[in-house]
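Listed here are the chains, written in short residue letters.
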Amino acid sequence: MEVARVRNHAPKRKRLDSDASETDAAINRNGDIDLSLLEAIEKSQTPLEVLDLKTLKKLVLGFERRLRDNIAARLKYPDLPDKFADTEIELHEEIQKLRVLAGAPELYPDMVNLNVIPSIVNLLAHDNSDIAVDAVNLLQDLTDEDILEDNDEPALVLVDALVENNVLELLVQNLHRLSDNDPDEAASAYSTLATIENLIEVKPAVAEMVCERTKLLRWLLGKIKVREFDGNKQYASEILAILLQNSTANQKRLGQMNGVDVVLQAVAMYKSRDPKSSDEEEMVENLFDCLCCLLMPLENKERFVIAEGVELMIIIMKQKKLAYGSAIRAMDFAMTKYPPACERFVDVLGLKTIFAAFMDPFEQEKQERTIPRGVGGADFVTDCIII
């Protein structure tokens, strides 16, 4: 069985080499060095601090102090934003400073012991959505897959602490208040999904925890139903596939939420047209991964037949677009150990469609390229003949 591949989607940040431009400015047109200007530049640059326990305590202390100031100002002047605006700017700056800790994952156990995790997680519910966005970005950095790859034990300590402090609930709660119309909030939604993926990578049990404790599945279904394609829709389809691929509980839970019908509606958009880009093509593959995972529990096979999924897959096969091979794969999952799907396939002349493809050498070659090894048309045709 083919399941969704876990990919790293964290966007790479561009670095601005401002030091070089400032140094060049200290050299005049004749090539002579202005020593006074060069000395001023050196003094203005912030020296790099060694990331050790002492630095960690200093960063945490500064963050906690600014957080307390912000809370106190908001409580004192709840209806006067100008009175607490400065404290939120200072809090924003302290959160940015904490992001440097992603470069020292070996300090994560110490960070947990300093009891700063609850304060960071609670920022996700901050009244100022910009502060919540800062918290999401911080969490994404701290849980980045590349950083945690060779630090399994510190990573698990951090993830356990985050989960214990309700990070899953607050991440999804914040996700629901983000708007796709605001570029910064749309980017934060992407970062939220990346953080959830990172948590699952470190602790696979999180995949079922987040579906059991939050409304993430409902948010993902709502996202893939949107007709317009964007990066967040693509990522939502991938996260959904990850949540379903190894969890029977999640497969059944999504089936009970009308998930089979929603996924069918999403793939139906490509029954007579091909994706316009490689990213959109990847999303279509993710959607079919979701469908195949959903079709593993028996009750979802029944929902698939009732929702006329068999008929839709036959239409996709007839159109011979990009989703052609994926439709054959979905039918293989639907008919495995489920005679009613086989009977429906025969009743709606599905054999005529599939045999026509087998008779066409070009289509046979196309199947070999698009259908995963171990999932072939002959397999489910045999099932139908047996029925």
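Residues numbered from 1 in each chain as written. Predicted model: local features only at pLDDT ≥ 70, side-chain atom pairs only at ≥ 80, totals over all residues. Heavy atoms only, no water.

- The name given to the protein chain in an unreviewed UniProt entry is Beta-catenin-like protein 1 N-terminal domain-containing protein, and the organism recorded there is Kalanchoe fedtschenkoi.
- The protein chain has a UniProt comment under Subcellular location (unreviewed entry) that states "Nucleus". (UniProt positions renumbered as here; feature names shortened; annotations may be inferred.)

### Side note on the side chain of D134
Then step 1. Along the chain, D134 falls in helix α7 (residues 129–142).
Then step 2. Only 2.6 Å separates the side chain of D134 from the side chain of H92, close enough to count as a polar contact.
Then step 3. Setting aside residues up to four positions removed in sequence, D134 forms contacts with H92, I95 and Q96. (Helix = DSSP H or I, 4+ residues; strand = E, 2+ residues; numbered from the N terminus. Polar contact = N/O pair within 3.5 Å; in protein donor to acceptor, adjacent residues only side chain to side chain. Contact = heavy atoms within 4.5 Å.)

### A closer look at the UniProt feature "repeat: ARM" (unreviewed entry) in the protein chain
Then step 1. According to UniProt, the feature "repeat: ARM" (unreviewed entry) maps to residues 115–143 in the numbering used here.
Then step 2. For residues 115–143, the end-to-end C-alpha separation is 17 Å, with 69% helix and 0% strand making up the annotated structure.

### What about the nonpolar core?
Then step 1. In this structure, L243, F304 and M313 are the most contacted members of the largest nonpolar core, which totals 109 residues.
Then step 2. Element by element, the count of residues in this core is highest for helix α17 (residues 278–294), at nine residues.
Then step 3. Counting contributing residues per domain, this core is built from domain 1 (52–216) and domain 2 (228–361), each supplying no fewer than three.
Then step 4. Once you skip the residues sitting within four places of it in the chain, L243 turns out to touch I200, A207, V210, C211, L216, L217, L220 and N250. (Core = buried A, V, L, I, M, F, W, Y, C linked by side-chain atoms within 4.5 Å. Buried < 20%, exposed > 50% of the residue type's maximum accessible area, 1.4 Å probe, protein only. Domains from an automatic or database assignment.)

### Brief notes about the packing of aromatic side chains
Then step 1. Counted by the stated rule, this structure contains one aromatic pair.
Then step 2. Taking 4.6 Å as the distance between ring centres and 45 degrees as the angle between the ring planes, the aromatic pair formed by Y190 and Y235 counts as tilted. Note that Y190 is positioned in helix α11 (residues 183–202) and Y235 in helix α14 (residues 231–245), a separation of 45 residues in sequence. Comparing Y190 with Y235 shows no difference in burial state: the two are buried.
Then step 3. The ring of Y77 has K83 lying over it, and the distance from NZ or CZ to the ring centre is 5.5 Å. (Phe/Tyr/Trp six-rings, centres within 6.5 Å; stacked < 30°, edge-to-face > 60°. Lys NZ or Arg CZ within 6 Å of the ring centre and 35° of its normal.)

### Section: the environment of A341
Then step 1. Residue placement: A341 occurs in helix α21 (residues 339–347).
Then step 2. By relative accessible area, A341 is classed as buried at 0%.
Then step 3. Ignoring any residue separated from it by four or fewer positions in sequence, one finds A341 in contact with V305, V310, A334 and M335.

### Digging into the environment of D230
Then step 1. Mapped onto the elements of the fold, D230 is located in the loop between α13 (216–225) and α14.
Then step 2. With 53 residues separating them along the chain, D230 and M283 place their C-alpha atoms 9.8 Å apart.
Then step 3. Here K233 takes part through its backbone nitrogen, which lies 2.7 Å from a polar atom of the side chain of D230.

### Here's the deal with the state of the cysteines
Then step 1. In total, this model carries zero disulfides according to the counting rule given.
Then step 2. No disulfide involves C290; its nearest neighbouring cysteine sulfur is the one of C293, lying 6.8 Å away.
Then step 3. The class of C290 is buried, set by a relative accessible area of 0%.
Then step 4. Taking relative accessible area as the criterion, C293 reaches 0% and is therefore assigned buried. (Disulfide = S-S within 2.5 Å.)

### A closer look at the confidence of the model for the protein chain
Then step 1. Averaged over every residue, the pLDDT of the protein chain is 85; residues scoring 70 or more account for 79%.
Then step 2. The weakest mean pLDDT in the protein chain belongs to helix α1 (residues 18–25) at 46; the strongest belongs to helix α15 (residues 248–256) at 98.
Then step 3. Below pLDDT 50 for its whole length, residues 1–23 participates in 43 contacts with residues either more than four positions away or in separate chains.
Then step 4. Scored below 50 in pLDDT, residues 371–378 makes 12 contacts in the model with residues more than four places away or belonging to other chains. (pLDDT = per-residue confidence, 0-100.)

### A few points about helix α18 (residues 298–306)
The periodicity of an α-helix, 3.6 residues per turn, causes residues three or four positions apart to be oriented the same way.
Then step 1. Burial in α18 covers these residues: N300, K301, F304 and V305. Burial along α18 is one-sided: seen end-on, the buried residues are contained in an arc of 145 degrees.
Then step 2. Close packing links the buried residues of α18 with α15, α16 (259–268), α17, α19 (309–319), α20 (324–335) and α21.
Then step 3. Among the residues trailing α18, E308 stands out with phi positive, at a value near 60 degrees. (Arc of directions from axis to C-beta.)

### A word on unusual backbone geometry
Then step 1. Look at K337: it is not a glycine, yet its phi comes out positive at around 60 degrees.
Then step 2. For K337, the location among the structural elements is in the loop between α20 and α21.
Then step 3. For K337, a relative accessible area of 79% gives the class exposed.
Then step 4. Positive phi is not limited to glycine here, since L349 has a value of about 65 degrees.
Then step 5. Here L349 is to be found in the loop between α21 and α22 (350–359).
Then step 6. A relative accessible area of 54% means that L349 is categorised as exposed.

### Focus: the pattern of salt bridges
Then step 1. Evaluated as defined, the whole model comprises 13 salt bridges.
Then step 2. D180 serves as the salt-bridge partner of K223, at 2.2 Å between the closest nitrogen and oxygen. Residue K223 is located in helix α13, and its partner D180 is located in the loop between α10 (167–176) and α11; the two are separated by 43 residues in the primary sequence.
Then step 3. Overall, the relative accessible area of 7% leaves K223 in the buried class.
Then step 4. Overall, D180 belongs to the partly exposed group, its relative accessible area being 41%.
Then step 5. Residues participating in the shared-partner salt-bridge network are R66, D69 and E90. (Salt bridge = Lys/Arg side-chain N within 4 Å of Asp/Glu carboxyl O.)

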